[in-house]
Amino acid sequence: MAFNHLPATMHDALGPLSVTPVTHSVPMAKNLRPRRPHESGDARPTPQAVLDRLSAGANRAARITHTEHLPPRPGRHAVWPDRVRPEVIDAIQQAGIDHPWVHQTAAAEHAFDGESVVIATGTASGKSLAYLAPVLTALLDGAEAPNGRGATALYLAPTKALAADQCRAVKALAAPLGNRVRPAVYDGDTPFEEREWVRQYAGYVLTNPDMLHRSILPSHPRWSSFLRALRYVVIDECHTYRGVFGSHVAQVLRRLRRICARYGADPVFLLASATAADPAQAAGRLTGVPVHEVSDDASPRGELVFALWEPPLTELHGEKGAPVRRTATAETADLLTDLTVQGVRTVAFVRSRRGAELISVISKERLAEVDRTLPRRVAAYRGGYLPEERRALERALHSGELLGLAATTALELGIDVSGLDAVLIAGYPGTRASLWQQAGRAGRGGQGALAVLIARDDPLDTFLVHHPEALFAQPVESTVLDPDNPYVLAPHLCAAAAELPLTESDLSLFGPAAPGLMPQLEAAKLLRRRASGWHWTRRERAADLADIRGGGGRPVQIVEEGTGRLLGTVDESAAHTSVHEGAVHLHQGRTYLVRRLDLEDSVAMVEEAVPPYSTTARDTTTISVLGTDTEVPWGDGRLCYGSVEVTNQVVSFLRRKLITGEVLGETKLDLPPRTLRTRAVWWTVTDDQLDAARITPEQLGGALHAAEHASIGMLPLFATCDRWDIGGVSVPLHPDTLLPTVFVYDGHPGGAGFAERAFHTAQAWLTATREAIASCECDAGCPSCIQSPKCGNGNDPLDKRAAIRLLTQLLAAGPTRP
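Here goes a summary of the coordinates provided. (Residues numbered from 1 in each chain as written. Predicted model: local features only at pLDDT ≥ 70, side-chain atom pairs only at ≥ 80, totals over all residues. Heavy atoms only, no water.)

Describing the packing of aromatic side chains
Right, so step 1: Taken as a whole and judged by the stated rule, the model has 11 aromatic pairs.
Right, so step 2: Taking the centre distance of 5.6 Å and the plane angle of 80° together, the rings of Trp 223 and Phe 226 count as edge-to-face. For the pair Trp 223 and Phe 226, a shared accessibility class is recorded, and that class is buried.
Right, so step 3: Aromatic ring contacts, followed pair by pair, group Tyr 131, Tyr 155 and Tyr 204 into a single cluster.
Right, so step 4: When the ring centre of Tyr 186 is taken as reference, the NZ or CZ atom of Arg 195 above it lies at 5.6 Å.
Right, so step 5: The aromatic ring of Phe 192 is capped on one face by Arg 195, whose charged end is 4.3 Å from the ring centroid. (Phe/Tyr/Trp six-rings, centres within 6.5 Å; stacked < 30°, edge-to-face > 60°. Buried < 20%, exposed > 50% of the residue type's maximum accessible area, 1.4 Å probe, protein only. Lys NZ or Arg CZ within 6 Å of the ring centre and 35° of its normal.)

In structure tokens, the structure reads:
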């Protein structure tokens, strides 16, 4: 598990902060033939017909555990508010949109009234137009001001690709309006010679929170004319701002509001999300201002066929002789190949960068056996590519030159691609919100679409494909973020003080935890109090104290040893697990071996190779309790939530055979340990409870360990987190609790809200954990229930049956709330 730290200057200066509240590949279906998407006379197949073709191969149909049919829905039209300028309405009509949907006009009315609003309607429901109508109107009004800059607007996207795509869309829409709108992208890929023009003349600046944090706010005097005229701030895909990233962005937005007030501006926030629970509450917590909600989706929707797909068991055996399923990566590569041969435009979403590259490589090899021209129609897309590589792939997908794309979540929110027919999701993406976001990439032209979730061999995926109601009968998760996390708040207070001296009256803007942190920042000699307020005292940039993506430290550069060519980067927090010595690294379909990782210089040296395996890092973890915030009785035991210190070390890596996932061997590593202060939920059991569960001392370690693994795997069903965002430790006798204890903790400094969510949903969370273990068809435990891919102990000991008895006994009592 990768841990994230503040940069050394902040961490060392502050010290600990107080933390408060199948063996062979499956052949393509026999009835498929190579078919070009441009062949005349070919009608677009229905989603069900496409799925039927996919399931026509040997033993394929049995892999579909459930099919959900979402019927088409008609739309409901409205009339644009009379405050939308006629030129804007004309431009919208020239784009082929005669009448708005009801939710578009409702959102626009709030914007015109000066009320912040969140548009929480489905994918492809026209949210962009809902906020663009008032934004373009304001920009046209501003263009008529004496200085030509009477109003500006800022657009924030979680990815550079999404901002670039939105800029293309705005330019196309605003073309009839001449040069009065002047949209421009301002991000890390913007050439320096263009940045000055954007600052001085752009009316609609499209950027991301990173640039707002590191560039715009620290240089606000250079942006003064833009900020003084700032009328609207658009926050797209706002549900992505969760956990530590969301907490950082919340504080960046508070800094923006403070600077705008300095220049006499009070911008209205316009937020958009296709997948948000309690959207008004989440948006208000993110922005710090009251937000109105528009969630009645009036747009039409094409039919969606959503299939749950479980790869088959193979004849291979994994650790401790456990049965092994065919990997989701191999299964997805086969399905992407089949869909490409059918001419079905498809995006396959993959959890990891390496997985995206591997699926692309496998699919190209299979396609070459069918038609030598087809491999060039498939590619990979992921973070870490150079800017020119990303732009070329985006253009190829837009034009239809690419039929299939294996992509990480860098594309989930990246670009609006009309004409996609299918989406493959290789493994549950961690939240229902992301699941529907990814599924919504297809069918955006109003046509029917197919989505297929291919389960990985882990507890949560296995549970979901056999319990479809957990996906289709439940709302998306509430967004979890904690702007009061001191590890988040402290560096932003420093950044704010560097932008303008902080006053007592400013502190309420940053939340109730801010006043308590000021003495610590003074004691650390980061801030100095004077009559005019608190001032930043260091020479270095205060904004550099906070990595808002939660990575911490500078990125590790991946360099080809023989040529010195820069291949890409990886976050410092992920370097120990992804580019350790001996790791396999994939880039643009080429495979490299890491020869050396230099942590001091942040460089990983690689050379091209073709190993017949992939690599997976293993780590070990110890934990100590720093303080208990709250606890409740759970039978004779206790359910607790509080602060902990975690020490983690990557100790080895596994080599796994490609396609099958068979373990070929383990290699030791010598990497330094990392220490993390964070938040955790933990539960204890007593001897009486163990006796009632018929658990002997010999079984205890295996029971706790199995319950820990499965509970980590299941928590993303209840909190907006990924399995890799959290960690766990189980101890038969913990020195702080003096009882058998299971911990699950947030993998971020100060916490991210996931453990707190686990505490409040413990009964439902652990009930689902027990069900996932008990319903698995294996005998003694496997990756689908209790084995973990990141266990530093080699998944030993594990006792499936004892874990079921332990959880049954625990759940029988249930936590007693005060």
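On we go from here.
Structural notes on helix H10 (residues 243–262)
Every α-helix carries 3.6 residues per turn, so stepping three or four residues along brings you back to the same face.
Right, so step 1: Compared with the 28 Å implied by 1.5 Å per residue over 20 residues, the 29 Å span of H10 between its first and last C-alpha is a close match.
Right, so step 2: Burial within H10 is extensive, with 17 of its 20 residues counted as buried.
Right, so step 3: Immediately downstream of H10, the backbone of Gly 264 shows phi near 85°, a positive value. (Helix = DSSP H or I, 4+ residues; strand = E, 2+ residues; numbered from the N terminus. Expected span 1.5 Å × (residues − 1).)

Quick word on the pattern of salt bridges
Right, so step 1: Taken as a whole, this structure holds 34 salt bridges when the rule is applied.
Right, so step 2: When the shortest N-O distance is used, the salt bridge between Glu 87 and Arg 180 registers 3.8 Å. Highlighted residues: Glu 87 in helix H3 (residues 86–94) and Arg 180 in the loop between helix H6 (160–174) and strand E4 (183–185), separated in sequence by 93 residues.
Right, so step 3: On the basis of relative accessibility, which here comes to 25%, the residue Glu 87 falls in the partly exposed class.
Right, so step 4: Take Arg 180: its relative accessible area is 25%, and that puts it in the partly exposed class.
Right, so step 5: Within the structure, one salt-bridge network assembled from shared partners comprises Arg 63, Arg 326, Glu 331, Asp 334 and Arg 366. (Salt bridge = Lys/Arg side-chain N within 4 Å of Asp/Glu carboxyl O.)

With respect to the pairing of strand E28 (residues 726–731)
Right, so step 1: Within E28, six of the six residues are buried, leaving the element largely enclosed by the surrounding structure.
Right, so step 2: Burial along E28 is two-sided: the face carrying Ile 726, Gly 728 and Ser 730 and the face carrying Gly 727, Val 729 and Val 731 are both buried.
Right, so step 3: Where E28 lies against strand E29 (residues 741–746), six bridges are found, and the strand directions are antiparallel. Considered in E29, the bridge of Ile 726 is made with Asp 746. (Pairing = 2+ DSSP bridges.)

A few points about the sheet that holds strand E19 (residues 556–560)
Right, so step 1: Pairing within the open sheet is mixed, and its five strands lie in the order E20-E19-E23-E22-E21. Each edge of the open sheet is held by one strand with a lone partner, namely strand E20 (566–570) and strand E21 (584–587). Taken pair by pair, the neighbouring strands of this sheet meet at an average axis angle of 35°, ignoring direction.
Right, so step 2: Sheet topology places E21 next to strand E22 (residues 590–598); four bridges connect them, and they run antiparallel. Directly across from His 587, in E22, lies its bridge partner Arg 590. (Axes fitted to C-alpha atoms, helices over the stretch in contact; angles between N-to-C directions.)

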